[in-house]
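# Remarks on the overall topology
Each chain, written out:
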Amino acid sequence: MFISNTANSSIAELLSNTSLNRQQIIQLLNLDGATTKNQLLKKAHQITLKYNNPQVYIRGLIEFSNRCQKNCLYCGLRRSNRIIERYMMTDDEIISAALYACKNHYGSIVLQSGESTDHRFCYRVTRLLKKIRHLTHGKLKITLSLGEQSKETYKTWFENGASRYLLRFETSNPRLYQMLHPQDSNHSFDKRLEALFHLRDIGYMVGSGFMVGLPTQSIGDIADDLLFLAQLDVDMAGIGPFICHSQTPLYNLKGTLLPEDDRLFLTLKSIAILRLLMKEINIAATTALETLSVEGRKMGLLAGSNVIMLNLTPDRYKTKYTLYEKSKNHRSYEGINNKTIHQSIPSGIKIAYSDFGDSIHYLKRQKRL
Ligand code: 5AD
Ligand code: SF4
């Protein structure tokens, strides 16, 4: 771990700064005492309420296939994992999940799957976008999270109803990126960045992010990841703790990881610092947070996040969408209904129903605000 040894500023000073440099971010990430840590999280929450709609946006998450052509060393869906049973939801199943979201006034859905650049897959997504758009009469914004694709594919999907895209860079340290992926042209850091630039160019509301607590990742790396999100000028962000999966090569390094509690708090501090850096973006309280603690997502919503995803994937599939190993207390295993939503939301915070929940940062960037 990197501990700064230059003169430290007081916490109050740092929290009132209009910008933060790498050294100051490292100092905040290293905060340890309960009081100072809480000061940071509280400040981030206040900024979230002040600069954004002071409500939580909800997204209906549809994990429609766990097939993936990639082989990321950290992920349970990697192509070489022969143990998991692969699935692909039917068009009808996907559409009925989208209609559920629409009927329940979610305002937005996320269509996510493992990566495929097969032309039949791309064509099918286009067809689904058209159908969903037609059936929901513009009442749902559609976010895609389908990995790296050609600029043409991104453009076709945009023209057919997708308006937001999530693509994490995972880590901004190219050495660490290499360590987390096979050494081939299918897993290139530069290509990932190029994809992010294409998405922005086309006009998507762009989301990116990274994992916290990766093997060999330093505090300095996390500070760089936060600054990289600011440099990319993202509209949305997802920062989640790394969670080991026993069916992946990275499992060998399990013993070297930070304890789960520390990983959880380091993620919360990262979210809070991002909120200080980017006041008007949407930040998700990721489902991985809830895997480390039953209260994880609530904690995220009190530390700078303003979005949660509610899993609409049918039960028989969602147990097979194992990017990481989920604990038994994981709420997304439970059937989602309008009564259980409140278990993931702190009391006093309202849900923004029937609201697209556009990122203010994006609207300003597009000069629509
Ligand atoms: N732990 C935490 N997050 C993971 N992801 C994939 N595998 C893991 C893991 N083991 C995240 C990646 C990816 C997103 C879809 O899921 O950040 O971008
Ligand atoms: Fe596939 Fe994404 Fe998992 Fe990589 S992280 S193996 S691209 S699902």
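Scoring rules and cut-offs
- Residues numbered from 1 in each chain as written.
- Chains lettered and ligands numbered in written order.
- Predicted model: local features only at pLDDT ≥ 70, side-chain atom pairs only at ≥ 80, totals over all residues.
- Heavy atoms only, no water.
- Near = heavy atom within 4 Å.
- Nonpolar A, V, L, I, M, F, W, Y, C, P; charged D, E, K, R; others polar.
- Core = buried A, V, L, I, M, F, W, Y, C linked by side-chain atoms within 4.5 Å.
- Buried < 20%, exposed > 50% of the residue type's maximum accessible area, 1.4 Å probe, protein only.
- Helix = DSSP H or I, 4+ residues; strand = E, 2+ residues; numbered from the N terminus.
- Contact = heavy atoms within 4.5 Å.
- 1 Å grid on protein atoms, 1.4 Å probe; cavity = no way out; pocket = protein on both sides within 12 Å on 5 of 7 lines; lining within 4 Å.
- Points joined across faces, edges and corners; volume = space filled by probe spheres on them.
- Phe/Tyr/Trp six-rings, centres within 6.5 Å; stacked < 30°, edge-to-face > 60°.
- Lys NZ or Arg CZ within 6 Å of the ring centre and 35° of its normal.
- Salt bridge = Lys/Arg side-chain N within 4 Å of Asp/Glu carboxyl O.
- pLDDT = per-residue confidence, 0-100.
- Polar contact = N/O pair within 3.5 Å; in protein donor to acceptor, adjacent residues only side chain to side chain.
- Areas by Shrake-Rupley, 256 points an atom, 1.4 Å probe, with all protein chains shown as cover.
- Axes fitted to C-alpha atoms, helices over the stretch in contact; angles between N-to-C directions.
- Left-handed = near helix turned anticlockwise from the far one by under 90°.
- Pairing = 2+ DSSP bridges.
- Parallel < 35°, antiparallel > 145°, perpendicular 65-115°, else oblique.
- Patch = residues over 30% accessible without salt bridge, like charges linked within 9 Å, V, L, I, M, F, W, Y side chains within 5 Å.
- Lys, Arg positive; Asp, Glu negative; His and termini not counted.
- Charge placed at Lys NZ, Arg CZ, Asp CG, Glu CD.

Glancing now at the site of ligand 2. Lining the immediate surroundings of ligand 2 are Cys68, Lys70, Cys72, Tyr74, Cys75, Leu77, Arg78 and Gly114. Grouping the amino acids of the shell around ligand 2 by side-chain chemistry returns five nonpolar, one polar and two charged.

Attention now goes to the nonpolar core. Of all hydrophobic cores here, the largest spans 107 residues; its most connected members are Ile62, Leu144 and Trp157. Considering every element that reaches this core, the biggest residue donor is helix α10 (residues 260-277), with eight residues. Other than its neighbours up to four places away in sequence, Ile62 contacts Met89, Ile94, Ala97, Ala98, Ile109, Val110, Leu111, Gln112, Leu312 and Thr313.

Approximately 150 Å³ is the volume attributed to the second largest pocket. Contributing to the lining of the second largest pocket are Lys70, Glu115, Glu148, Gln149, Ser185, Asn186, Lys191, Glu194, Ala195 and His198.

What follows concerns the packing of aromatic side chains. Aromatic ring pairs are reported here in terms of the distance separating the ring centres and the angle at which the planes meet. The full count for this structure, using the stated rule, is 10 aromatic pairs. Geometrically, the ring pair formed by Tyr100 and Tyr106 is edge-to-face, given 6.2 Å between the ring centres and 90° between the ring planes. An aromatic cluster is built from Tyr154, Phe158, Tyr165 and Tyr204, whose rings are joined through pairwise contacts. It is Lys37 that lies over the ring of Phe265; its NZ or CZ is 4.3 Å from the centre. Between Lys141 and the ring centre of Phe356, over which it is positioned, the NZ or CZ distance is 4.9 Å.

Under the definition given, this model contains 21 salt bridges. With its nearest N and O atoms 2.9 Å apart, the salt bridge here joins Glu148 to Arg192. With a gap of 44 residues between them, Glu148 in the loop between β3 (141-145) and α6 (151-159) and Arg192 in helix α8 (residues 189-202) connect regions that are remote in the sequence. What makes Glu148 buried here is its relative accessible area of 9%. A salt bridge links Asp235 to Arg365, with the nearest nitrogen and oxygen atoms 2.7 Å apart. Separated by 130 residues along the polypeptide, Asp235 in the loop between α9 (219-232) and β6 (236-241) and Arg365 in helix α14 (residues 360-365) bring together distant segments of the chain.

Bringing the confidence of the model for the protein chain into the picture now. Per-residue pLDDT for the protein chain has a mean of 93; in total, 94% of the residues score no lower than 70. The low-confidence segment residues 1-6 (pLDDT under 50) makes 12 contacts with residues lying over four places distant or belonging to another chain.

So, about the site of ligand 1. Looking at ligand 1, the residues that line it are Tyr74, Cys75, Arg168, Glu170, Met211, Pro241, Phe242, Ile243, Leu323 and Tyr324. Arg168 has a polar side-chain atom sitting 2.9 Å from an oxygen atom of ligand 1. Glu170 places a side-chain nitrogen or oxygen 2.6 Å from an oxygen atom of ligand 1. About the coverage of ligand 1: the protein hides 87% of its 400 Å² of free accessible area. Considering only residue class, the shell around ligand 1 consists of eight nonpolar, no polar and two charged.

Let us look at the packing of α6 against α8. One can describe the packing of α6 onto α8 by two numbers: an axis separation of 10 Å at closest approach and a directional angle of 35°. For the pair α6 and α8, the crossing hand works out as right-handed. Along the contact surface, α6 presents Lys151, Tyr154, Lys155 and Phe158, while α8 presents Ala195, His198, Leu199, Asp201 and Ile202.

What follows is about the pairing of strand β1 (residues 55-65). Among the 11 residues in β1, 10 count as buried, and that is most of the element. When β1 meets strand β9 (residues 350-351), the two strands line up parallel, connected through two bridges. Looking at the pairing, Val56 lines up with Ile351 of β9. In terms of strand pairing, β1 meets strand β8 (residues 307-311) through five bridges, oriented parallel. In the sheet register, Tyr57 faces β8, and the bridge partner there is Val307. Bridge count between β1 and strand β2 (residues 108-113): five bridges; the pairing is parallel.

Contact geometry for helix α5 (residues 119-136) and α6: axes closest at 9 Å, N-to-C directions at 15°. Classed by the angle they form, the pair α5 and α6 counts as roughly parallel. Taken as a pair, α5 and α6 cross one another with a handedness that is right-handed. Across the interface between the two elements, Phe121, Cys122, Val125, Thr126, Leu129 and Arg133 from α5 touch Thr153, Thr156, Trp157 and Glu159 from α6. For the contact of α5 with α6, a count of residues per class yields five nonpolar, three polar and two charged.

A few words on the side chain of Gln24. Locating Gln24 in the fold gives a position in helix α2 (residues 22-29). The class for Gln24 is buried, based on a relative accessible area of 15%. Other than its neighbours up to four places away in sequence, Gln24 contacts Ser9, Leu14, Asn17 and Ser19.

Before going further, it helps to examine a negative patch on the surface. Residues Asp32, Glu260, Asp261 and Asp262 make up a contiguous surface patch of negative charge. Here Asp262 is to be found in helix α10. The class of Asp262 is partly exposed, set by a relative accessible area of 40%.

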